[in-house]
Amino acid sequence: MPDLDPEDEKLVILARSTRARIQAAEGAAVRDTDGRTYAAATVDLPSVTLTAVQAAVAAAVSSGAEGLEAAAVVTAEPLVAEASVHAVRDLTADAPVLRADLAGDVQEILR
């Protein structure tokens, strides 16, 4: 696992616990530019489908966040979904997106 800032480690832990709590496909957490964190899991309803990152970004935006410092997603997938990356980039062009496996080990950091 790469050396992570303690605040980024917290994002991974929050994302992992959010995913585990409801046994979702993914869990995600984002930190806004004010240091507030938002967590969410995959949303898969007949009328709405969101990746965990999209849901976390939506929670941040609906709470007034204007930018993101970082995002983390815990997933079994080998890549971060393109829609997830786009959701983060909609707010901040250079926020790192950490992809961790189900054990919480960071496998990749997209910058």
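Residues numbered from 1 in each chain as written. Predicted model: local features only at pLDDT ≥ 70, side-chain atom pairs only at ≥ 80, totals over all residues. Heavy atoms only, no water.

In spatial order, the strands read 2-1-5-6-7; together these five strands make up an open sheet with mixed pairing. Pairing within the sheet leaves two strands with one partner each, and these edge strands are strand 2 (37-41) and strand 7 (106-110). Across the sheet, the axes of successive neighbouring strands diverge by a mean angle of 15 degrees, strand direction being ignored. Bridge analysis of strand 5 (residues 68-75) against strand 6 (residues 97-100) gives four bridges, and the strand direction is parallel. Each residue of the ladder has a partner; that of V74, found in strand 6, is A100. The strands touched by helix 1 (residues 6-22) within the sheet are strand 1 (26-32), strand 2, strand 5, strand 6 and strand 7, with strand 1 carrying the most contacts at an inclination of about 145 degrees. Contacts from helix 3 (residues 82-91) reach strand 5, strand 6 and strand 7, with the element oriented near 170 degrees to strand 5. (Pairing = 2+ DSSP bridges. Helix = DSSP H or I, 4+ residues; strand = E, 2+ residues; numbered from the N terminus. Axes fitted to C-alpha atoms, helices over the stretch in contact; angles between N-to-C directions. Contact = heavy atoms within 4.5 Å.)

Turning next to helix 1. Compared with the 24 Å implied by 1.5 Å per residue over 17 residues, the 25 Å span of helix 1 between its first and last C-alpha is a close match. Looking only at helix 1, the buried set comprises D8, L11, V12, A15, T18 and R19. In a view along the axis of helix 1, the buried residues occupy a sector of 130 degrees, so they form one face of it. Of the exposed residues in helix 1, the ones pointing more than 90 degrees away from its buried face are P6, I13 and R21. Its buried side turned inward, helix 1 meets strand 1, strand 2, strand 5, strand 6 and strand 7. Two to three positions downstream of the cap, the backbone nitrogen of E7 sits 2.7 Å from a side-chain oxygen, assigning the N-cap of helix 1 to D5. Q23 occupies a position one or two residues after helix 1 and carries a positive phi of about 55 degrees. (Expected span 1.5 Å × (residues − 1). Buried < 20%, exposed > 50% of the residue type's maximum accessible area, 1.4 Å probe, protein only. Arc of directions from axis to C-beta. Polar contact = N/O pair within 3.5 Å; in protein donor to acceptor, adjacent residues only side chain to side chain.)

Our focus in this paragraph is the pattern of salt bridges. According to the stated counting rule, one finds six salt bridges in the structure shown. The closest approach of N and O atoms between K10 and E7, which form a salt bridge, is 3.0 Å. One end of the pair, K10, and the other, E7, are both in helix 1, three residues apart, so they sit about a helical turn from each other. Relative accessible area serves as the criterion here: at 34%, E7 is assigned to the partly exposed category. Of the charged contacts, one joins R36 and D32 as a salt bridge, the two residues approaching to 2.8 Å between their closest N and O atoms. Bridged by salt links that share partners, the residues D8, R31 and E69 form one connected network. (Salt bridge = Lys/Arg side-chain N within 4 Å of Asp/Glu carboxyl O.)

Everything listed is a geometric property; what it means functionally is a separate question.
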